[in-house]
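An overview of the molecular structure
The residues making up each chain are set out below.
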Amino acid sequence: MLKKLYLLPIILLLISCKNEPTAPVLNSSNYFDVLNEEFTGDLAYETTSFVEKYWRVVGNTGFNKSVYKIAEELEKSGFVKEDVAKSNDVLTYRIETRPLKNPTWESVNASVNIVGEDIPLLQHSTNRNMIALNSYSTPKEGVNAEVVYIKDLKKLKELDVKGKIVFAETSPHKIFNQAIVKGGALGLITYSNPKYLQPQKNTTSIQFRTIPLNEKAKSWAIAMSYKAKEKLKAELSKGKVSLKVTIETNIYPSEELTIIADIKGNKEPKERLVFSAHIQEPGANDNATGVGVALEMATLTAELIKNNIFVPNRTLTFLWGDEIISTNRYVKEDTIRAKDIKWGISLDMVGEDTKKTGGTFLIEKMPDPSAIWTRGNDKHTEWGGRKMKLEEMKPHYLNDFLIDKFKEQGKRTNWVVNTNPFEGGSDHVPFLKRNIPSVLFWHFTDQFYHTDNDRIDKVSQKTLKNVGVSSLASAYTLLNANNTTAKSILLNIEKTAISRLQEEQRQSEIALKKGDSLSTQLSIISAWKGWYTNSTKTTLDIVKDSTKHQEYIKETSKKIDSLSSKIIEELKRVKKHSLLTSENTF
């Protein structure tokens, strides 16, 4: 519910004006003020807490309960099911159902004991990621078998592992075929936590793993924590070791659910901004937080609209489903709708208590030249990203527009906002593949990423609020963007272009002094010039009368061109001076 602070003046105004209609009180001048009051983070946190209880795979119990939890909250705030909605209903939602090609999966229970010891090596109650996805159950009494430690994976095919448990320090998926299908191993027990998880510190963490779904082999794999791995290796150093493994999982036919909520625009309802938050994943930050933030964003917007505080000119859409798959389908299955999707944003790992998880909040930018030449303050995360090509760049104002908005919230609340070059791997990718401007909001590095220690205690309600407020302030600005907004964005492009070009000049001068080629440095400057001059043109998508705005674009582009030309001449001078100095030295 909206706070009385903002409802009271509206009520008084309605009384004083009697039957006279009132204009919405929320606009670009007070988005942050109002949203910081109204977006509490309560529903976002409550939803995160509900969703993170379940190990979520599309079609399983936890995934589906999360979908229906979202639907329940949407209906409470006034959303109507699309199939019974009236033409004048602004708030609608639908749950799309599709048959799953493969059965769904869920873990129930498991334990691993070294034969002869009473204390379990691993147990599901404290390590819910220990069972690899797609593992089958063992017999109820469990299985008892000798462990074979494979130090050199190349020698696996030479060893007799039939009826034994293969232990290796690698992903179980990599050795499944050789060990299980060809070798006849009873099951796998593996360890492969990456260094950024700080396994020697977080000794009980297990990063979830997957094996192929094989209905014939009906086998299983256990993923280990650092502590369990070290214990098993220590026992193996003494001699032969056998393990008793008990696993219970459910594998069954199901259907895929996707839930989509629309807040219809008042003037341009076909044009839309889409927030996508995937439900599947086993953790709290990944990605129960994205689900929760999106839900509070949707319900708060509904309240603002019902109370005539905000009227969106364009449509705002929220999508919850299976990562990449649901978003990819949304932008591909209806080509007419896809043409009118103006912006797409992925909410993924957006509620972290960074004092516990590490890393920082990040805006992963659309592909820009920092994904080709990563230097200065630009840094890839431990996730990593390939070096891209110039033809893969996606010039657009969205990058710097969102960075500017989020930095504003950062200043208000002492919240750290950073960026990283494009890396991919989340729901922003399907948008970009369809040439729809899109970015990712996330956190990294997270020392509990994809582990069973990614639980609600690692989530910060304050972060949930900061992301929700910033996202809505950005969305509302874009939904109601006009010529004035476009001009403001152009001014921001000019400011950021100047700052970027000046920074790239500094980096190029450093590179030249180290002996790097002048041609490379000139290419970098030219690439950034091209990025920003082309970005200025994209502001035309929010302008209806473009004649005057075209002139603004020319003015901004001219300033960017002029500065880049000066920088290029200066870099040529620096290179020449460097060569002369070098010759004089000899």
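Each chain carries its own residue numbering, running from 1 in the written order of its sequence. For this predicted model, a pLDDT threshold of at least 70 governs which residues receive local features, and a threshold of 80 or more governs which side-chain atom pairs are given and counted, while totals over whole chains, interfaces and linings are taken from all residues. To obtain the side-chain values, all non-hydrogen atoms of the structure were used and water was disregarded.

- Going by the annotation in an unreviewed UniProt entry, the name recorded for the chain is Carboxypeptidase Q, with Tenacibaculum gallaicum given as the source organism.
- UniProt positions are given in the numbering used here, feature names are shortened, and annotations may be inferred rather than shown by experiment. Regarding the chain, the relevant UniProt record gives this comment under Subunit (unreviewed entry): "Homodimer. The monomeric form is inactive while the homodimer is active."

1. Concerning the sheet that holds strand β10 (residues 255-263)
- Pairing is mixed across the open sheet formed by 9 strands, whose spatial order is β1-β2-β10-β12-β11-β13-β16-β14-β15. Either end of the sheet is taken by a strand with one partner, and the two such strands are β1 (80-81) and β15 (417-420).
- What makes two residues a contact is simply this: any of their non-hydrogen atoms within 4.5 Å. The axes are straight lines fitted to the C-alpha atoms, using for helices just the contacting stretch, and the angles between their N-to-C directions are given from 0 to 180°. Numbering goes from the N terminus for both helices and strands, where a helix is a DSSP run of H or I of at least four residues and a strand is a run of E of at least two. Lying on the sheet, helix α7 (residues 288-306) is in contact with β2 (91-99), β10, β11 (268-278), β12 (314-321) and β13 (341-347); it crosses β12 at an angle near 150°. By this definition, two strands are paired if DSSP reports at least two bridges between them.

2. Notes on the packing of helix α2 (residues 31-38) against helix α11 (residues 398-413)
- Packing of α2 against α11 leaves a shortest axis separation of 12 Å and a crossing angle of 60°. Taken together, α2 and α11 sit at an angle that is classed as oblique. Where α2 crosses over α11, the two elements pack in a sense that is right-handed. Only K405, E408, Q409 and R412 of α11 make contact with α2, whose side of the interface consists of F32, D33 and N36.
- Under this grouping Gly is polar, as are all residues other than the nonpolar Ala, Val, Leu, Ile, Met, Phe, Trp, Tyr, Cys and Pro and the charged Asp, Glu, Lys and Arg. Counted by class, the contact of α2 with α11 contains 1 nonpolar, 2 polar and 4 charged residues. Angles below 35 degrees are treated as roughly parallel, those above 145 as roughly antiparallel, those between 65 and 115 as roughly perpendicular, and all remaining angles as oblique. Should the near helix be turned counterclockwise from the far one by less than a right angle, the crossing is left-handed, whereas a clockwise turn marks it as right-handed.

3. Regarding the pattern of salt bridges
- By definition, a salt bridge exists where a carboxyl oxygen of Asp or Glu is found within 4 Å of a side-chain nitrogen of Lys or Arg. Applying the stated rule across the entire model yields 38 salt bridges.
- Residue K229 is joined to E230 by a salt bridge in which the shortest nitrogen-to-oxygen separation is 2.7 Å.
- Across the salt bridge formed by R573 and E570, the nearest N and O atoms sit 2.7 Å from each other. Of this pair, R573 and E570 are both found in helix α16 (residues 546-585), 3 residues apart, which corresponds to roughly one turn of the helix.
- Judged by relative accessible area, R573 falls into the partly exposed class, the value being 47%.
- Each residue is placed in one exposure class: buried if its accessible area under a 1.4 Å probe, protein chains only, is under 20% of its type's maximum, exposed if it is over 50%, and partly exposed if it falls in between. On the basis of relative accessible area, E570 is assigned to the partly exposed category, the value being 24%.

4. Observations concerning the UniProt feature "domain: Peptidase M28" (unreviewed entry) in the chain
- The feature "domain: Peptidase M28" (unreviewed entry), as given by UniProt, occupies residues 259-468 in the numbering adopted here.
- Secondary structure content for residues 259-468 is 31% helix and 22% strand, and the end C-alpha separation is 19 Å.

5. Re the pairing of β11
- Most of β11 is tucked away: 8 of the 11 residues are buried.
- Handedness of a crossover is defined as follows: with both strands directed away from the viewer, a clockwise route from the first strand across the helix to the second makes it right-handed. Of the crossover connections in this fold, the one passing from β11 over α7 to the parallel β12 is right-handed.
- As defined by bridge partners, β11 adjoins β13 across 5 bridges and the pair is classed as parallel. Within the sheet, the bridge partner assigned to V274 lies in β13 and is G344.

6. Observations regarding the nonpolar core
- Grouped together as the largest cluster of nonpolar side chains are 134 residues, with contacts concentrated most on L74, I189, L243, F318, W320 and F441.
- With 11 residues, the top contributor of residues to this core is α7.
- Not counting residues within four places of it along the chain, the set of residues in contact with I189 comprises V112, L121, I165, V166, F167, A168, I222, M224, L232 and L243.
- Membership of the second largest hydrophobic core comes to 15 residues, among which are I150, I175, A185 and A221. Only buried residues count toward a nonpolar core, which is a set of Ala, Val, Leu, Ile, Met, Phe, Trp, Tyr and Cys residues joined through side-chain atoms within 4.5 Å.

7. Re unusual backbone geometry
- For the bond from D286 to N287, the omega torsion is -10°, close enough to zero to count as cis.
- Here N287 lies in the loop between β11 and α7.
- Geometrically, the link from F444 to T445 is a cis peptide bond, its omega value of -5° lying close to zero.
- Structurally, T445 can be placed in the loop between β16 (438-444) and α13 (461-479).

8. Overview of the sheet that holds strand β9 (residues 242-252)
- Judged by pairing direction, the sheet is mixed, and its 7 strands sit side by side in the order β4-β3-β9-β5-β6-β7-β8 without closing on themselves. Each of the sheet's edge strands pairs with one partner strand only, and the pair in question is β4 (122-123) and β8 (221-223).
- Relative to strand β6 (residues 165-168), strand β5 (residues 143-150) runs parallel, the two sharing 4 bridges. In the sheet register, V148 faces β6, and the bridge partner there is V166.
- Strands β3 (104-114), β4, β5, β6, β7 (187-190) and β9 of the sheet are contacted by helix α6 (residues 226-236), whose axis makes an angle of about 110° with β6.

9. Quick notes on the packing of aromatic side chains
- Between the rings of Phe, Tyr and Trp (Trp by its six-membered ring), a pair exists once the centres lie within 6.5 Å; its type follows the angle of the planes, with under 30 degrees stacked, over 60 edge-to-face, and the other angles tilted. In total, this model carries 22 aromatic pairs according to the counting rule given.
- Arranged with centres 5.7 Å apart and planes meeting at 70°, the rings of Y31 and Y476 form a pair that is edge-to-face. One end of the pair, Y31, is in helix α2; the other, Y476, is in helix α13, and 445 residues separate them in sequence. The exposure classification of Y31 matches that of Y476, with both residues buried.
- Where F361 meets F441, the ring centres are 6.1 Å apart and the plane angle is 50°; that geometry is what we call tilted. Within this pair, whereas F361 is found in strand β14 (residues 360-364), its partner F441 is found in strand β16, the two being separated by 80 residues in sequence.
- Owing to a relative accessible area of 1%, F361 belongs among the buried residues under this scheme.

10. A short note on the layout of surface pockets
- Cavity: a set of points on a 1 Å grid over the protein atoms alone where a 1.4 Å probe fits but cannot get out. Pocket: an open set with protein on both sides within 12 Å along at least five of seven lines, its lining residues, like those of a cavity, having an atom within 4 Å of a point. Grid points are joined across faces, edges and corners, and a volume is the space filled by probe spheres set on the points. Within this model, the largest pocket holds a volume of roughly 770 Å³.
- Forming the walls of the largest pocket are 33 residues, and the residues nearest its centre are D378, I403, K407, T419 and R500.
- It is α11 that contributes the most residues to the lining of the largest pocket, 7 residues altogether.
- Split into classes, the residues belonging to the lining of the largest pocket amount to 7 nonpolar, 12 polar and 14 charged.
- Bear in mind that the domain bounds are from an automatic or database domain assignment. Each of domain 1 (33-97 + 269-370 + 394-409 + 421-480) and domain 3 (483-584) accounts for three or more of the residues forming the lining of the largest pocket.
- Counted as a void, the second largest pocket has a volume near 470 Å³.
- Taken together, the elements giving at least two residues each to the lining of the second largest pocket come down to α11, α13 and α14 (483-513).
- Along the lines of polarity and charge, the residues of the lining of the second largest pocket split into 7 nonpolar, 9 polar and 3 charged.

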